[in-house]
Amino acid sequence: VQSEMRPTKAGDGQMLWLEMDVIDGPYRGRKIWDQLNLVNRSTVTVEIAQRRLSAICHAIGQVQVSDSEQLHFKTILCTVKVKPAGTDKFGIDREAKNDVAGYEPTGAGAVVGSAVRLTRPTSPAQAPRAPASAPVMPPRPAAAPAMPPWRRQA
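As the structure is a prediction and not an experimental result, all values here were calculated from the model.

Scoring rules and cut-offs
- Residues numbered from 1 in each chain as written.
- Predicted model: local features only at pLDDT ≥ 70, side-chain atom pairs only at ≥ 80, totals over all residues.
- Heavy atoms only, no water.
- Helix = DSSP H or I, 4+ residues; strand = E, 2+ residues; numbered from the N terminus.
- Buried < 20%, exposed > 50% of the residue type's maximum accessible area, 1.4 Å probe, protein only.
- Contact = heavy atoms within 4.5 Å.
- Polar contact = N/O pair within 3.5 Å; in protein donor to acceptor, adjacent residues only side chain to side chain.
- Salt bridge = Lys/Arg side-chain N within 4 Å of Asp/Glu carboxyl O.
- pLDDT = per-residue confidence, 0-100.
- Pairing = 2+ DSSP bridges.

## A word on the overall build of the protein
Of the regular secondary structure elements, the protein holds 1 helix and 8 strands. For the protein, the sequential pattern of α-helices and β-strands runs β-β-β-α-β-β-β-β-β. Within the protein, buried positions represent 37% of all 154 residues. In the protein, of all internal contacts separated by at least 6 residues, the share reaching a separation of at least 24 is 54%.

## Structural notes on the side chain of glutamate 19
By the element assignment, glutamate 19 lies in strand β2 (residues 14–21). The class of glutamate 19 is buried, set by a relative accessible area of 9%. A polar atom in the side chain of glutamate 19 sits 3.1 Å from the side chain of lysine 31. Excluding anything up to four places from it in sequence, glutamate 19 contacts Val1, Gln2, Lys31, Ile32 and Trp33.

## What about the pattern of salt bridges?
Counting across every chain of the model gives 6 salt bridges. Residue glutamate 4 pairs with arginine 6 through a salt bridge whose shortest N-O separation is 2.8 Å. Of the residues examined, glutamate 4 reaches a relative accessible area of 37% and is grouped as partly exposed. Judged by relative accessible area, arginine 6 falls into the partly exposed class, the value being 29%. Among the charged side chains, a salt-bridge network with shared partners connects Glu19, Asp21 and Lys31.

## Structural notes on the confidence of the model for the protein
Confidence in the prediction of the protein, expressed as mean pLDDT, is 76, and 69% of residues score 70 or more. Note that pLDDT drops below 50 for residues 108–145; the model gives that stretch 104 contacts with residues more than four away or on any other chain.

## Here we look at the environment of threonine 87
Position of threonine 87 relative to the elements: it lies in strand β5 (residues 86–87). With residues up to four places along the chain from it excluded, the contact list for threonine 87 reads Ile92 and Asp93.

## Section: the pairing of strand β1 (residues 2–7)
Pairing of β1 with β2 involves 6 bridges; the strand directions are antiparallel. Within the sheet, the bridge partner assigned to arginine 6 lies in β2 and is methionine 15. Connecting β1 to the next strand, β2, in antiparallel fashion are 6 residues, including glycine 11 with a positive phi near 80°.

## Here's the deal with unusual backbone geometry
Residue phenylalanine 73 is not a glycine yet carries a positive backbone phi of 60°. For phenylalanine 73, the position within the fold is in the loop between α1 (43–60) and β4 (77–83). With a relative accessible area of 49%, phenylalanine 73 lands in the partly exposed category.

## Observations regarding the side chain of aspartate 34
Secondary-structure assignment places aspartate 34 in strand β3 (residues 31–39). The exposure class assigned to aspartate 34 is buried, which follows from its relative accessible area of 8%. Reaching out from aspartate 34, the side chain makes a polar contact with the side chain of tyrosine 103 at a distance of 2.6 Å. Beyond its immediate stretch of four places on either side in the chain, aspartate 34 contacts Leu16, Trp17, Leu18, Met20, Arg52, Val100 and Tyr103.

Written as structure tokens, this is what we have:
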């Protein structure tokens, strides 16, 4: 629903900041964010960001994008993993947080608006705050499948 280029924390690069809305399921109305480091000293970091941006573009069916606003208000399926709370490699305590692990098209069999997949934590203490999402879309049709796509086993 929103995007912008922002400077990295170190100030030596730029990232594409993305804000998405959850449009269906128990987390409907919540938000999730992702950031793609498209300008960075690390070529590996840039390659990862470009692959993720490519996955988003393919998921919405628009391979060539010249402005991030072309990504707004498109329905995609996001896979979100919960990173548990703990101490990072620098010895800093971190809270549990959501991490967008991938993007996919909703697929021909998916119901419009059912665009959330959550990888559940192993314990209730690691419960997510805001799972993955896609932009706000029209209400889903009456002939919805019995099991939402985010609950199906792959």
